[in-house]
2 protein chains.
Amino acid sequence: MSTPRSPRPTLAGVARLAGVSPSTASLAFSGSGPVSDATRERVLAAAETLGYAGPDPRAQSLRRGRSGIVGVVIEDRIRDAFRDPVTVQMLDGLSEEIGSIGASLLLIPDTGEGPADVGTAPMDAAVLIGCTPRLAESLAILSRRGIPTVAIEADPGLGDVGVSLDNRQATRRGAEHLRSLGHTMVALVVLPLSADRSRSPLTAEAERAGTSHVARERILGARDVYPDAPGVVTAGSFMEEGRLAGLQLLARPEDRPTAVIAQSDLLAAGVVRAAEELGIAVPQQLSVLGFDGVRVDGIAPYDLTTLVQPAVPKGRAAGAAVVALLTGADAPSVAFESVLHLGNTTAPPAAR
Amino acid sequence: MSTPRSPRPTLAGVARLAGVSPSTASLAFSGSGPVSDATRERVLAAAETLGYAGPDPRAQSLRRGRSGIVGVVIEDRIRDAFRDPVTVQMLDGLSEEIGSIGASLLLIPDTGEGPADVGTAPMDAAVLIGCTPRLAESLAILSRRGIPTVAIEADPGLGDVGVSLDNRQATRRGAEHLRSLGHTMVALVVLPLSADRSRSPLTAEAERAGTSHVARERILGARDVYPDAPGVVTAGSFMEEGRLAGLQLLARPEDRPTAVIAQSDLLAAGVVRAAEELGIAVPQQLSVLGFDGVRVDGIAPYDLTTLVQPAVPKGRAAGAAVVALLTGADAPSVAFESVLHLGNTTAPPAAR
DNA sequence: TAGCCTAGTCGAATCGATTCGATCGAATCG
DNA sequence: CGATTCGATCGAATCGATTCGACTAGGCTA
C-alpha cells in the first residue's frame, strides 16, 4: 500500500523478501560462498516473485572493477572492416576465446572525430587490428586509461602484446615458387598502402609513404625475389578491385606479366576473373598467387594457389592474450606462419 | 610519503588536488553545470598532473543507469553472421545511428549454452536480427531484464519495435517481371529454412517446417506467381551455395528452367557462375533474379537484376528506434520496401 | 541601502552490487 | 563436559562517479 514499488527489483529487495541480508543474497546468486540450500532456494524464489533478472551488470562491473567487455578497434566503417573475410575470421576466433571467460566484444569504430569511443567506452582490454589508421593515437589513449592492449599485425612493439604474421617471408616463399616455375615477368597487386584508399600504380614514392605495415611487408617479400616487379595499388581487398587491377596489368599483350602476386585472395580472385574476361587462360597463360587462404566465395572451380594464413588461430591467439592479460598470467607475443597451398592457378609460363 | 598512491587516479583525487569538491570536478568534466573557466582549467590541469583519463565509465553507467551500449544479438558464429553483406550493411547503418548518442555495439553471439550473454551483458537496448535461431527465448530474457528490443525482420509482433521488409510482395514483383517476360519454367534457390542448414530439395514438408520468416515470405511471394515452382534449399547465402544449387537445377537439359529466382544476390551470382560453367548464356538462355541489391563482389561484368532492399537504411531505422526507445520518444515500427532493379541478367526466354 | 537574483561551489545521498571480517550456533574432539 | 572448529549468515565499507538542493557572494534594481 504505502511502498511505491520501485520500477526494477534490486538484490536488496530480493534479500528483504527472502528474509536474509543482501550479502547472503549475493552469495546465493554468485555461488561463490557457503550458503545453505534452503536459503539459496528461498532467495531464488523471492527473485522469481519479484521478477528479478539477476544482478545488475553495471553495479557488478563497478564493484568488481571489471566489465566483461573487450573492445575491438576497427577502421571507421563497419562495412569496410567486415568485408574482409580474414578480419571476420579473426574476430570469430577472438570471440570464441574470450567467450571462455564470459567476455564479449564491443565494436569500436576508430573515427577520428565524434564521441571518441576509444577514450570513453567501458572495457577491460582492447584488441587493435593492424589496419586501422589512427593506431598509434588509439594506443596512447588506451594506455593512459590503463587498458591493456593486444595489437594484431601492427608495427612490432606496439601494444602490450603483439600477434604477428610472417608476411614478408611468406610472400617471398610464394615468389620463389613462381621463380622455380620459371616466371620472370611478375606483377604485384597490392593492398591499400595508406589511409586514403585510391587506385594507383605502385611507385617507389607511394611505397615509401605507405603506412600499412602488412602491405609493405608483403611488397618486400616479393621484392626479395623480383626486385623490379611493377605493381598496382588497389583501393581495398575486394574482387572487384583485383579485377580492375588485373584488367590494367593484362591490357597490353606486349608487356603482359606471366604471373601476378596478389596480396589477398579476393584480389587474386579478381585477377583470375579479369584474365577470364580477356580470354587469358589460368594457369596456362597466367599464374596467379593469392594470400590469406580464406575460402573465397565465388572462385570455384578454381583452387587458388595461395599463402594460407591461420586467421582463426590468430584471432584465438589474440583472445588468449587478452585472457592472459586479464588474469595476470604471462602474455607473450605470438608470431604465426603461413603455408603455401599449391592450387591450380600457378604453372610454368607458356613457352613462347 | 604516507599516502600510498592509488593505482588509478579518481575524480575525487583530481578534485582534491585542484582544491575543489568532487561535485565541482564532475561538473568541470561533464560540462553540464555552471563552472567558472578558472576552476575548470584548474581541474583539467590537476587531471593532467595525475594522469587522470576521464571519469570511469563503469561508475558512470551505474550512477546514470545507462551504459552507452547497444547489444546486437547475432547467430552463434560471427563468421557466419558477417558473411552476409546485408547483415554487415545493416550493422553499419545501425552503428552510425547509435553513434549519434555516443553508444556503441556489443556483439552477442546467441549460442544456446555457455555464459548466457543475453542474460548478463550490460546494455541499454538490444537489436535482434531476424535470422537468429533462439529469437523468442532471447526476447523473453531481455524483456524480463527490462531491456527494450528492436527486432529486424522477425515475425511480426516480436520485440518492442519491428523493422520489416516487404519480402513477399517484393519477390512477387520480381516473379511478375519474369512472367511478363514470358517465363513459365521457373525454379527457386532458397535461403536456409531452419537452423540445421543443409542442402535439400524444397519439399512441401520442408517448407512447412521452416522457421526462417524471411525465407518463407520470399517463397510465398514467388508462389503467388508460380505456385508450382520447384526449388532447392541452400545451406547459406553464399555464391558457392548458389553455384551448387545452379548446377543441380540446370543439370538436365530436358527439364531445365528458363529462369531462376534466387533469394539473395550471392546465391544469384552463384547461379550465374554455374550457368557460365555449363555453357548456358545469361540472360539469353537463362534469366537470373536476385534479392538484396548489395554490390556483390565478383560478379562484374554482370549487372544483376535484383530486388534492391535498403540495407543501410534498415540498420539506420533500427538505430533510430533504439535512440527513440532510450530517449523516451515515440518509436514506431518501420516497414521498408524493395525496388526492382533491372540489370542484364533477365530477358525473355529463348525461342525454341 | 534594502531586496533579489544569479552564477559558482559544496555536501551528502545515491546508483546496486560485492566482499572482508565478525558473529553465532551447532557439531566435533579429546 | 569444555574447548575448538566449521559452516552459515550478517554488517558495513567500498567501487567512482552524478546530481539535487542548499549556501555564499557579488551585482543589479528600485
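Thresholds, definitions, all that
- Residues numbered from 1 in each chain as written.
- Chains lettered and ligands numbered in written order.
- Predicted model: local features only at pLDDT ≥ 70, side-chain atom pairs only at ≥ 80, totals over all residues.
- Heavy atoms only, no water.
- Helix = DSSP H or I, 4+ residues; strand = E, 2+ residues; numbered from the N terminus.
- Buried < 20%, exposed > 50% of the residue type's maximum accessible area, 1.4 Å probe, protein only.
- Contact = heavy atoms within 4.5 Å.
- Buried area = accessible area lost by both parts, 1.4 Å probe.
- Salt bridge = Lys/Arg side-chain N within 4 Å of Asp/Glu carboxyl O.
- Polar contact = N/O pair within 3.5 Å; in protein donor to acceptor, adjacent residues only side chain to side chain.
- Nonpolar A, V, L, I, M, F, W, Y, C, P; charged D, E, K, R; others polar.
- Least-squares fit on C-alpha atoms with pLDDT ≥ 70 in both.
- Near = heavy atom within 4 Å.
- Domains from an automatic or database assignment.
- UniProt positions renumbered as here; feature names shortened; annotations may be inferred.
- Expected span 1.5 Å × (residues − 1).
- Pairing = 2+ DSSP bridges.
- 1 Å grid on protein atoms, 1.4 Å probe; cavity = no way out; pocket = protein on both sides within 12 Å on 5 of 7 lines; lining within 4 Å.
- Points joined across faces, edges and corners; volume = space filled by probe spheres on them.
- Axes fitted to C-alpha atoms, helices over the stretch in contact; angles between N-to-C directions.

## Regarding the overall build of chain A
Inference 1: In terms of regular secondary structure, chain A is built from 14 helices and 13 strands.
Inference 2: Each principal axis of the C-alpha atoms in chain A carries an extent, and together these give about 95 × 40 × 40 Å.
Inference 3: Burial status across chain A gives 52% buried among its 352 residues.
Inference 4: For chain A, long-range pairs separated by at least 24 residues make up 72% of all intrachain contacts whose partners lie at least 6 apart in sequence.

## Thoughts on the interface of chain A and chain B
Inference 1: At the junction of the two partners, chain A supplies 56 residues and chain B supplies 56 residues.
Inference 2: Where chain A abuts chain B, roughly 4,900 Å² becomes buried across the two surfaces, and 52% of that area is made up of carbon and sulfur atoms.
Inference 3: A salt bridge links R77 of chain A to E96 of chain B, with the shortest nitrogen-to-oxygen separation between them at 3.9 Å.
Inference 4: Across the chain A-chain B interface, the total number found is 13 residue pairs in polar contact (both at pLDDT 80 or more).
Inference 5: Put simply, the parts of the chain that give the side of chain A that touches chain B at least two residues each are α3 (37–50), α4 (57–64), α5 (78–81), α6 (85–99), β2 (104–109), α7 (117–120), α12 (239–249) and α13 (265–278) of chain A.
Inference 6: Classifying every residue of the side of chain A that touches chain B by side-chain character gives 26 nonpolar, ten polar and 20 charged.

## Description of the relation of the copies chain A and chain B
Inference 1: Once turned by 180 degrees and shifted 0.0 Å along the axis, chain A lies on chain B with an RMSD of 0.1 Å. These values place the two chain copies in the arrangement generated by a two-fold rotation axis. For chain A, the minimum C-alpha distance to the rotation axis belongs to L106 of chain A and amounts to 2.2 Å.
Inference 2: Comparing contact sets, 100% of the residues at the interface of chain A also lie at the interface in chain B, consistent with an isologous, same-surface contact.

## Focus: the protein's contact with DNA strand C
Inference 1: Around DNA strand C sit 23 residues in total, of which L11, S26, Y52 and R63 of chain A together with T39 of chain B are the nearest.
Inference 2: Each atom of DNA strand C within 4 Å of the protein was classed as base or backbone; sugar and phosphate made up 59%.
Inference 3: A distance of 2.3 Å is found between a phosphate oxygen of DNA strand C and a backbone nitrogen or oxygen belonging to L11 of chain A.
Inference 4: D56 of chain A is positioned such that a nitrogen or oxygen atom in its backbone is 3.2 Å from a phosphate oxygen of DNA strand C.
Inference 5: Mapped onto the surface near DNA strand C, the elements with two or more residues apiece are α1 (11–18), α2 (22–30) and α4 of chain A together with α2 (22–30) and α4 (57–64) of chain B.
Inference 6: Residue classes in the surface near DNA strand C are distributed as nine nonpolar, ten polar and four charged.

## Overview of the protein's contact with DNA strand D
Inference 1: Taken together, 23 residues form the shell around DNA strand D, and within it T39 of chain A together with L11, S26, Y52 and R63 of chain B come nearest.
Inference 2: Each atom of DNA strand D within 4 Å of the protein belongs either to a base or to sugar and phosphate, the latter forming 60%.
Inference 3: Between DNA strand D and L11 of chain B, the relevant distance is 2.3 Å, taken from a phosphate oxygen to a main-chain nitrogen or oxygen of the residue.
Inference 4: Side-chain polar atom of Q60 of chain B to a phosphate oxygen of DNA strand D: 2.9 Å apart, as the coordinates give it.
Inference 5: Elements with a minimum of two residues in the surface near DNA strand D: α2 and α4 of chain A together with α1 (11–18), α2 and α4 of chain B.
Inference 6: Looking at the surface near DNA strand D, the element that brings in the most residues is α4 of chain B, giving four residues.
Inference 7: Residue composition of the surface near DNA strand D, grouped by class: nine nonpolar, ten polar and four charged.

## Details of the domain arrangement of chain A
Inference 1: Examined at the domain level, chain A breaks down into domain 1 (11–55), domain 2 (69–165 + 311–336) and domain 3 (167–309).
Inference 2: When each unit is reduced to the centre of its C-alpha atoms, the spacing between domain 1 of chain A and domain 3 of chain A is 62 Å.

## Description of the UniProt feature "domain: HTH lacI-type" (unreviewed entry) in chain A
Inference 1: Here the UniProt-annotated "domain: HTH lacI-type" (unreviewed entry) positions come out as residues 9–64 of chain A.
Inference 2: Secondary structure across residues 9–64 of chain A comprises 70% helix and 0% strand; the distance between its end C-alpha atoms is 21 Å.

## Thoughts on helix α9 (residues 167–181) of chain B
Residue and element names in this part refer to chain B.
Inference 1: If you check α9, its first and last C-alpha atoms are 21 Å apart, about what 15 residues at 1.5 Å a residue would give, namely 21 Å.
Inference 2: Buried positions along α9 lie against β5 (161–165), α11 (213–225), β9 (259–262), β10 (287–292), β11 (305–308) and β13 (339–341).
Inference 3: Phi turns positive one or two residues past the end of α9, at G182, with a value near 110 degrees.

## Quick word on the pairing of strand β1 (residues 69–74) of chain A
Residues and elements named next belong to chain A.
Inference 1: Among the six residues in β1, six count as buried, and that is most of the element.
Inference 2: Every second residue of β1 is oriented toward a common face, with I69, G71 and V73 on one face and V70, V72 and I74 on the other, all of them buried.
Inference 3: Sheet topology places β1 next to β2; six bridges connect them, and they run parallel. Looking at the pairing, V70 lines up with L105 of β2.
Inference 4: Of the strand pairs in this sheet, β1 and strand β3 (residues 125–129) are connected by four bridges, and their pairing is parallel. By the bridge assignment, V70 is partnered in β3 with A125.

## Points about the sheet that holds strand β10 (residues 287–292) of chain A
Residues and elements named next belong to chain A.
Inference 1: With mixed pairing, seven strands are arranged side by side in an open sheet as β7-β8-β6-β9-β10-β11-β13. Unpaired on one side and paired on the other, β7 (200–201) and β13 (339–341) mark the two borders of the sheet.
Inference 2: The sheet contact formed by strand β11 (residues 305–308) and β13 spans three bridges and is antiparallel. Pairing of T306 across the sheet is with H341, part of β13.

## Points about empty space enclosed by the protein
Inference 1: Scanning all chains against the criterion turns up one cavity of 30 Å³ or more.
Inference 2: By volume, the largest cavity is sized at about 560 Å³.
Inference 3: Residue lining of the largest cavity: 27 residues in total, with R83 and P85 of chain A together with F82, R83 and P85 of chain B positioned closest to the centre.

## Description of the sheet that holds strand β7 (residues 200–201) of chain B
All names here are of chain B.
Inference 1: On the basis of which strands lie adjacent, the open sheet formed by seven strands has the order β7-β8-β6-β9-β10-β11-β13 and mixed pairing. Each edge of the open sheet carries a strand with a single partner, namely β7 and β13.
Inference 2: Across four bridges, strand β6 (residues 186–190) lies against β9 in parallel orientation. Residue A187 lies in a different strand from β9, and its bridge partner there is V260.
Inference 3: Relative to β10, α9 is tilted by about 160 degrees, and along the sheet it contacts β9, β10, β11 and β13.
Inference 4: Across the face of the sheet, helix α13 (residues 265–278) comes into contact with β6, β9, β10 and β11 while running at roughly 160 degrees to β10.

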